[in-house]
Amino acid sequence: MFKLRTPVAAAAIGLAVGLGPTSTHAQNPAQDIEVLVALPAATLTFSAAFIAEDAGFYKKEGLKVSHRTIVGVGSPNAVIAGAADFTIGTGPVFLRAAASGQRLLAIANLIDRPLVELVLRKDVADAAGITEKTPFAERAKALKGKTIGIQGVGSIVHAWERLVVNRGGLDVEKDVRIAPMDPPGMLAGLQTKALDGFATSLPFTTEAVVKGAAIMLASGASDAPDLLPFAYGLIYTRPDMCSKEREKCRRITRAVAAANRLILEKPAEALEILKKRFDKMDQQVLAAAWQTVSKAHAKDLRVTVAGLDHSQKVSIEAKLLEAKNELKSFDGLYTDEFVR
């Protein structure tokens, strides 16, 4: 079974932090379709979902959407358990579920490069004699014996931390300690020196660098060109959802596709919409992170074999999936029916 190492999603959803439902459809409330979307984190990775809600794209499609934050692999587990209709997540987690016999169906990919990063505390980097210009493998070697905060065991963040460790020639199981925690607490962990570094998505990594607390040790957006294109923003659901409730799949895809277009065509306008979601974040930090995030959103939302293949390679390199268990084909795991 593909499960969390903490309580299963059916229980987790009861403790989830709700982001709140949208308003009902103004034209014909009787036609509104209720949808619950589980999100693994409240980071800029999920900008399209936030904008679809706050800019009214869900409402325009006659959807009454509730977002629930369920950390890491808890979100796909909620979909598998039937506690949520959809999640937005990454290819490595999606494919490990399939390799474990929990096949899901991806209907679009919103982001086609990894938006996950690992930062190292500035004084630790100085002691190791490395900077952001040091070759990637040499930077990664500096992680030996360090404690790194991660968000969600088994998540893409965990996979990225392990991949970076591996590319430094270190033992992913023994050479680095991990400390699971929520992103808002990670910078404080650096400041108290409880952490030597942390891995998560933007804008939290950007904040640590901009404030001078850390250096960028490894960014998925720039340090791993061999992983492009990548399935980083998959919208997926249970295999029978789109045959039983086709309108849910059609409408939610159209709503987030509209949000993606806004992000790509009018990034400044999209950022203004997002600011209230990150109102406690320094706005200069948020704007700096947005420069990277907005450009990573896909123009073509179709799920590709290349993106899935690179996603599976991450899990194998991170030793979260054994090579003997890798999927030889991705047939039946995705469709482009709703993004044509």
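The residue count restarts for each chain, going from 1 along the sequence in the order it is written. Local features in this predicted model are restricted to residues whose pLDDT is 70 or higher, and side-chain atom pairs enter the listing and the counts only when it is 80 or higher, whereas totals over whole chains, interfaces and linings include all residues. Water and hydrogen atoms were dropped before computing side-chain values, which therefore reflect all heavy atoms in the structure.

Bringing the side chain of D223 into the picture now. Each helix is a run of H or I in the DSSP string that is no shorter than four residues. Each strand is a run of E no shorter than two, and both are numbered from the N terminus. Mapped onto the fold, D223 is located in the loop between β10 (214–219) and β11 (234–237). With a relative accessible area of 18%, D223 lands in the buried category. Each polar contact in these results corresponds to two N or O atoms within 3.5 Å; when the atoms are within protein, one needs to be able to donate a hydrogen and the other to accept it, and residues that are neighboring in sequence are counted only if both atoms are side-chain atoms. Within the structure, the side chain of D223 is placed 3.3 Å from the side chain of R139, a separation counted as a polar contact. In this scheme, a residue with accessible area under 20% of its type's maximum is buried, one over 50% is exposed, and one in between is partly exposed, where area comes from a 1.4 Å probe on protein chains only.

The subject of this paragraph is the sheet that holds β10. Only when DSSP finds a minimum of two bridges between them are two strands counted as paired. Pairing is mixed across the open sheet formed by five strands, whose spatial order is β8-β7-β9-β6-β10. Because the sheet does not close on itself, it has two edges, and the strands there are β8 (177–180) and β10. Each strand of the sheet is rotated relative to its neighbour by a mean of 25 degrees, with strand direction disregarded. Bridge analysis of strand β7 (residues 147–150) against strand β9 (residues 197–200) gives three bridges, and the strand direction is parallel. Across the sheet, residue G149 finds its bridge partner in β9, namely F198. Every axis corresponds to a line fitted to the C-alpha atoms, with the helix fit spanning only the stretch in contact, and the corresponding angles, defined between N-to-C directions, vary from 0 to 180 degrees.

Bringing the pattern of salt bridges into the picture now. The rule for a salt bridge is simple: a side-chain nitrogen of Lys or Arg has to be within 4 Å of a carboxyl oxygen of Asp or Glu. Scanning the model with the defined rule gives 26 salt bridges in all. Here E34 and K64 are joined by a salt bridge, their closest N and O atoms 4.0 Å apart. Of this pair, E34 sits in strand β2 (residues 33–39) while K64 sits in strand β3 (residues 63–69); the two residues are 30 residues apart in sequence, bridging distant segments of the chain. What makes K64 partly exposed here is its relative accessible area of 27%. One salt bridge in this structure joins R277 and E53, with 2.7 Å as the shortest N-O distance. One end of the pair, R277, is in the loop between α13 (267–274) and α14 (283–296); the other, E53, is in helix α2 (residues 47–54), and 224 residues separate them in sequence. Given the relative accessible area of 22%, R277 is considered partly exposed. Salt bridges linked by common partners bring R121, D123, K193 and D196 together as one network.

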